[in-house]
Every structure is written in C-alpha cells, then in structure tokens.
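# Close look at the chain arrangement
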Amino acid sequence: MISRKLFGPPGTGKTTKLLKYVKTFLKLGTPIDKIGYFAFTTKAANEAIDRMLDAYPKYQRKDLKHFRTLHSLAFNQLGMKKAQVMQDEHYEDIGRQLGIEVTVYSNGEESTGFINSDSEYFNLINSARIKNITIEEEYNTDMYSGDMDKRLLKIIADEVINYKKSYGLIDFTDMIDKFIVSGLCPKYDVAFVDEAQDLSPIQWKMFNIIKENSRYVILAGDDDQAIYGWAGADVKKFQQEISKKDIILPQSYRVPQNVQHIADKILKLIPEDRRVQKNWKAREEQGTVNYVYSLEELHKMAER
C-alpha cells in the first residue's frame, strides 16, 4: 500500500506540494540520494530539479540523480548509452527499407518514451507493446483505420524486431522490461511518482518494483487530466491504487471560474464510476471563454 495519493486538479500546485514533502523528508534527515522523484515527462522532471536547485543552492544537478523519468531511471541503472537506444531515424530507416514513408515525431522536452508517428502501423505496434498485449488485440480495439493491411502490420512488427537484433538496439519498452527483471532498482527511503494518470501498463509494472524497494511512496496525478490514452496510459490503475490517505488539492491558482464552469459541464458527462469525484475552487477572477467554430476563425484569433 502506498503512503499518500494526491489528486491535483489543474493549477492546484501539485508539484509544489510534492516538493514540500521532499523538503520535509530532508529536514528529517533523509539523504538526498535516498529520495526518488519520478515524473512522466522529461520537462516535468527538469522542473522539479530546477526548483530544488533554487531552494537548495548547496546541491548540484548531479546530486539529484534520482529526480528523473521512469525510462531515464531504467536507462541509468542498466548502464545504457544513447547509441544503444532506438531513435526516430531508426524507425524511419525501417520504413524506407520496407518502402514505407514514415515520420516519427520527437516529443522534445516533453519526452515520454512513447513513439508517435504519421504511420498507424508503427503506432499500433508500439501501443501493443506498451500495453503488454498482442498486435492482434491492439488492432481489435477499433482505434485504427479499417483499411489497415494486417499482413503488412505483421511484416513491420517482425522487421522492427529484426532491425533491433541486427544493430544491437533496444527501445524504451525493452529498457523497462530489462529493468523490471534486473534487480537493479535503487533502495529509497521515499519515492514520489508524479503524473501517474499517464503511466502505461508496463510503467505500472516498473512502479511496482520501485514500490517494493521504497519505505514510503507518494503517488500524484489527476485522472481528469489523463491525455495519453492513445499511447496506452492506464488511468484506471491510478484510480484504483490503494493508499493510506487520499488528498485532493482544493484550490486552483490557474483556472478562472468561467473556465471551470465549462470544464465541469464536460466532466459531468463522464460516468461516475470512471472518474474520482473532486471538489476544488477556481480563482476569484471570472475569466473569459471564447467559442471558435472554424479553423479559419482560430487562425484569425491567433493573429490578433
């Protein structure tokens, strides 16, 4: 069982709350290298590092080696080098070898470890692996075009495996798989996992390993902000994870009242058994809501 589960509606200061917990553990004498802080995106992990460095000038970035993403933890503990990891150009090379033009989009500073391309075939194959299901099962989710060639899908899936073997490469999913069975998870006095609503099934397996190796675990996220379902995120696991205490952060410092009113209308359309009910206050400002009915109108607004 985890120690705390934080629900942080938008703008309620979830990262600030987590870092307050970090500071409390430091005051109690917990060594910084016994604190793990894991975010879903590289951008969020770097934000936590920057805020810690601002608060504690005595630390250097190297002292916060356990403030990172999950796939970065796996990369580091396995002693991997970037040259061993599949990059965007490798997937594009596979496409060229098969006579398929494909572009893989890097997430830049958001880097999540997910593969996002303009090819449904590559996206399907990656999603199946992240969800730990077969490509046939992923195909049957009805999230893809009905005119996909299942024979070509199998060819591409096999070619990805062969390509990695030929060049001695692994991808992010392989990396987490290897970490799970490696026995190389550090021992933590406390581990924080942020943005947990976006973790995929294989990342939840990695979370379980971290949990087993930590005295205290604090999990944070918001099921209403789960945006990576297309890439295999398992928000139900976050909702169902049992903790000794659930905390809902009550005040948003970002969302004005009119925006919250519109958001609540949408959230009420979600069946009660598919989300955790949360009461939180918007800012005092009313704010404005603009309705856009066409792309042309949106472009005009952006030019103003």
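The sections below set out a description of the structure shown in this document. (Residues numbered from 1 in each chain as written. Predicted model: local features only at pLDDT ≥ 70, side-chain atom pairs only at ≥ 80, totals over all residues. Heavy atoms only, no water.)

### Some remarks on the overall build of the protein
Which entries qualify depends on this criterion: Numbering goes from the N terminus for both helices and strands, where a helix is a DSSP run of H or I of at least four residues and a strand is a run of E of at least two. Here the radius of gyration uses the C-alpha set of atoms, whereas the globule reference equals 2.2 Å times the residue count to the power 0.38. Three labels apply to residues, based on accessible area from a 1.4 Å probe with only protein chains included: buried if under 20% of the type maximum, exposed if over 50%, partly exposed otherwise in between. By definition in these notes, contact holds between two residues if any of their heavy atoms fall within 4.5 Å. Reported accessibility uses the Shrake-Rupley method at a 1.4 Å probe radius. Residues are deemed covered only where the shown protein chains occlude them. Positive: Lys, Arg. Negative: Asp, Glu. His and the chain ends are not part of the count. Charge coordinates come from a single atom per side chain, which is NZ of Lys, CZ of Arg, CG of Asp or CD of Glu.
In terms of regular secondary structure, the protein is built from 12 helices and eight strands. Relative to the compact-globule value of 19 Å for 304 residues, the protein shows a C-alpha radius of gyration of 21 Å, a close match. Viewed in the frame of its principal axes, the protein has a C-alpha envelope of about 55 × 50 × 40 Å. For the protein, with 304 residues in total, the buried portion stands at 45%. Across the protein, the fraction of contacts at a sequence separation of at least 24, relative to all contacts at a separation of at least 6, is 75%. Carbon and sulfur atoms make up 50% of the accessible area of the protein, which amounts to about 16700 Å² in all. Here the protein carries 44 positive and 44 negative side-chain charges, and the mean point of each set is 9 Å from the other.

### Looking at the nonpolar core
In plain terms, the rule: What makes a nonpolar core is a set of buried Ala, Val, Leu, Ile, Met, Phe, Trp, Tyr and Cys residues whose side-chain atoms join them at distances within 4.5 Å.
Core analysis: the largest hydrophobic core is formed by 32 residues, its most contacted members being Phe38, Ile210 and Leu219. Listing elements by their share of this core, those giving two or more residues are α3 (70-77), α8 (172-182), β6 (188-193), α9 (201-212) and β7 (214-221). Sorting elements by how many residues they give to this core places α9 first, with six residues. When residues no more than four places from it in sequence are discounted, the contact partners of Phe38 are His66, Arg68, Thr69, Leu70, Leu73, Tyr188, Ala191, Phe192, Val193, Asp194 and Ile210. Grouped together as the second largest cluster of nonpolar side chains are 23 residues, Leu6, Val22, Phe25 and Tyr56 included.

### Comments concerning the sheet that holds strand β1 (residues 4-7)
We count it as follows: Any two strands with at least two DSSP-identified bridges between them are counted as paired. In this analysis an axis means a line fitted to C-alpha atoms, helices contributing only their contacting stretch, and an angle means the value between N-to-C directions, from 0 to 180 degrees.
Read from one edge of the open sheet, six strands run β3-β2-β6-β7-β1-β8, paired in parallel fashion. In the strand order of this sheet, the two ends are held by β3 (67-69) and β8 (246-248), each with one partner. Across the sheet, the mean angle from the axis of one strand to that of its neighbour is 20 degrees, orientation sign disregarded. Two elements, β6 and β7, share five bridges in a ladder whose sense is parallel. Of the residues in β7, the one forming a bridge with Val190 is Tyr216. Relative to the sheet, α3 contacts β2 (35-39), β3 and β6, its axis offset from that of β3 by approximately 105 degrees.

### Structural notes on the packing of aromatic side chains
In plain terms, the rule: Pairs were defined over the aromatic rings of Phe, Tyr and Trp, the Trp ring being its six-membered one, requiring ring centres within 6.5 Å. Orientation was assigned from the angle between planes: stacked under 30 degrees, edge-to-face over 60, tilted for the rest. A ring is considered to have a charge above it if a Lys NZ or an Arg CZ atom is located within 6 Å of its centre and within 35 degrees of its normal.
On inspection of all chains with the given rule, the structure shows 11 aromatic pairs. Summarising the aromatic geometry, the rings of Trp204 and Phe207 are spaced 5.2 Å apart at their centres and angled 85 degrees between planes, so their arrangement reads as edge-to-face. Of this pair, Trp204 and Phe207 both sit in helix α9, three residues apart, which is roughly one turn of that helix. As far as burial versus exposure is concerned, Trp204 and Phe207 are alike and both buried. Linked through ring pairs, Phe25, Tyr37, Phe67, Phe192 and Tyr216 together constitute an aromatic cluster. One cation-aromatic arrangement involves Lys5 over Phe238; the distance from NZ or CZ to the ring centre is 5.4 Å.

### As for unusual backbone geometry
At Asn132, a position not held by glycine, the phi torsion is positive, near 65 degrees. Looking at where Asn132 falls in the secondary structure, it is placed in the loop between α5 (120-131) and α6 (135-139). Accessibility expressed as a relative area gives 53% for Asn132, which makes it exposed.

### A closer look at a nonpolar patch on the surface
Rule in force here: Patch building starts from residues that exceed 30% relative accessible area and form no salt bridge, then joins like charges within 9 Å and nonpolar side chains (Val, Leu, Ile, Met, Phe, Trp, Tyr) within 5 Å. Should a side-chain nitrogen of Lys or Arg be within 4 Å of a carboxyl oxygen of Asp or Glu, the pair is scored as a salt bridge.
A contiguous nonpolar surface patch, about 430 Å² in accessible area, is contributed by Val259, Val289, Tyr291 and Tyr293. Note that Tyr293 resides in the loop between α11 (257-267) and α12 (295-303). The exposure class assigned to Tyr293 is exposed, which follows from its relative accessible area of 69%.

### Points about the environment of Lys81
Within the secondary structure layout, Lys81 lies in the loop between α3 and α4 (88-97). For Lys81, a relative accessible area of 60% corresponds to the exposed category. Taking the C-alpha atoms as reference, Lys81 lies 24 Å from Ile125; in sequence the two are 44 residues apart.

### Examining the packing of α3 against α9
Axis angle and axis distance: for two packed helices, these are the angle between their axes and the distance between the axes, and together they describe the pair. The following threshold applies: Should the near helix be turned anticlockwise from the far one by less than a right angle, the crossing is left-handed, and should it be turned clockwise, the crossing is right-handed. In this classification, Asp, Glu, Lys and Arg are treated as charged, Ala, Val, Leu, Ile, Met, Phe, Trp, Tyr, Cys and Pro as nonpolar, and every other residue, Gly included, as polar.
Packing of α3 against α9 brings their axes to within 11 Å, and their N-to-C directions diverge by 65 degrees. Note on packing geometry: the crossing formed by α3 with α9 is left-handed. The residues of α9 that touch α3, namely those facing Leu70, Leu73 and Ala74, are Gln203, Met206 and Ile210. For the contact of α3 with α9, a count of residues per class yields five nonpolar, one polar and no charged.

### Notes on the environment of Val104
Tracing the sequence through the fold places Val104 in strand β4 (residues 104-105). Looking at Val104, the relative accessible area reads 7%, which means it is buried. Between the C-alpha atoms of Val104 and Leu184, which are 80 residues apart in sequence, the distance is 31 Å. Ignoring any residue separated from it by four or fewer positions in sequence, one finds Val104 in contact with Asp88, Tyr91, Glu92, Ile115, Asn116 and Ser117.

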